[in-house]
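What follows is the residue order along each chain.
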Amino acid sequence: RKEVEQDPGPFNVPEGATVAFNCTYSNSASQSFFWYRQDCRKEPKLLMSVYSSGNEDGRFTAQLNRASQYISLLIRDSKLSDSATYLCVVNMGGNQFYFGTGTSLTVIP
Amino acid sequence: EPEVTQTPSHQVTQMGQEVILRCVPISNHLYFYWYRQILGQKVEFLVSFYNNEISEKSEIFDDQFSVERPDGSNFTLKIRSTKLEDSAMYFCASIPDRGIYGYTFGSGTRLTVV
């Protein structure tokens, strides 16, 4: 079983739409959760950490559901500049972080 | 904003040659990492480094790989005898401490083995 699983997409949405991504993780003892954004051929950049109580940063909302072992990312009012691959990243207690394969988002004018 | 710096940005090497990828982590960070990403695939963990020694490594990090922090600022990844399948983006990352922090990644070195 893969440690971190994401729907690869692609998600093609019109500008202004709301889009949501989910990510499941295999280890119930996982401790830290993050969403990263990766543009084509660039390094992943931290978008936001995911806290147990859920957290919001502008148009972005992240949630954690420990019982079902998934995290989610909601993007409201999508902009063209939101087009990227969104990576789910989980720390399962050791030194390494596990990456999902990423979900591709294209926002269409 | 503090950055993780990687050099070179692109390295082309012949199969069987040795390469050294260089990274300067953020100065007050304590944990350092190398990850790689083969084109079109997910980011994969190679090795973590803390207190001047390897703290964890993956199956990918076999005997042809080594890491060093020779002078307290640089953090290097050496691949002794490159293979075609080593072609990938190699990302260095650092964090100030374990736990709640996300990584800061460098901009990567694209390694092409021919």
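In what follows, the structure referred to is the one given above.
Please read these numbers as outputs of a predicted model, since none were measured by experiment.

1. Things to note about the sheet that holds strand 3 (residues 19–25) of chain A
The pairing of strands in a sheet comes from backbone hydrogen bonds and takes either a parallel or an antiparallel form.
Residue and element names in this part refer to chain A.
Right, so step 1: Read across the sheet, 5 strands follow the order 1-3-8-7-6 without closing on themselves; strand pairing throughout is antiparallel. Strands with a single pairing partner mark the edges of an open sheet, and in this sheet they are strand 1 (4–6) and strand 6 (55–57). Along the sheet, successive strands turn relative to each other by an average axial angle of 20 degrees, direction set aside.
Right, so step 2: Where strand 3 lies against strand 8 (residues 70–75), 6 bridges are found, and the strand directions are antiparallel. What sits directly across from Phe21, in strand 8, is Leu73.

2. So, the interface of chain A and chain B
A common way to express how large an interface is: the accessible area buried when the components associate.
Right, so step 1: Between chain A and chain B, the contact holds 20 residues from the first and 23 residues from the second.
Right, so step 2: Interface area, chain A with chain B, both sides summed: about 1,800 Å², of which 49% is carbon and sulfur.
Right, so step 3: Among the residues chain A hides against chain B, the three largest losses belong to Arg41, Asn95 and Phe99 of chain A. Together they make up 36% of the total.
Right, so step 4: Inspection of the chain A/chain B interface yields 0 salt bridges.

3. Observations concerning the environment of Asn22 of chain A
Residues and elements named next belong to chain A.
Right, so step 1: The topology assignment puts Asn22 in strand 3.
Right, so step 2: Asn22 sits in the partly exposed class, given a relative accessible area of 46%.
Right, so step 3: Remark: the alpha-carbon pair of Asn22 and Asn12, spanning 10 residues in sequence, is separated by 16 Å.
Right, so step 4: Excluding residues that lie within four positions of it along the chain, Asn22 makes contacts with Glu5, Gln6, Asp7, Trp35, Tyr70, Ile71 and Ser72.

4. Details of the pairing of strand 8 (residues 75–79) of chain B
Residues and elements named next belong to chain B.
Right, so step 1: In terms of burial, strand 8 is largely enclosed, as 4 of its 5 residues are buried.
Right, so step 2: Looking at chain direction, strand 3 (residues 19–24) and strand 8 are connected through 5 bridges and run antiparallel. In the strand pairing of strand 8, Val19 is matched with Ile79.
Right, so step 3: As judged from the 4 bridges shared by strand 7 (residues 65–68) and strand 8, these two strands associate in the antiparallel manner. Following the sheet pairing, Val67 is matched in strand 8 by Leu77.
Right, so step 4: Joining the antiparallel neighbours strand 7 and strand 8 is a turn of 6 residues, in which Gly72 adopts a positive phi near 85 degrees.

Definitions and limits used
- Residues numbered from 1 in each chain as written.
- Chains lettered and ligands numbered in written order.
- Predicted model: local features only at pLDDT ≥ 70, side-chain atom pairs only at ≥ 80, totals over all residues.
- Heavy atoms only, no water.
- Pairing = 2+ DSSP bridges.
- Helix = DSSP H or I, 4+ residues; strand = E, 2+ residues; numbered from the N terminus.
- Axes fitted to C-alpha atoms, helices over the stretch in contact; angles between N-to-C directions.
- Contact = heavy atoms within 4.5 Å.
- Buried area = accessible area lost by both parts, 1.4 Å probe.
- Salt bridge = Lys/Arg side-chain N within 4 Å of Asp/Glu carboxyl O.
- Buried < 20%, exposed > 50% of the residue type's maximum accessible area, 1.4 Å probe, protein only.

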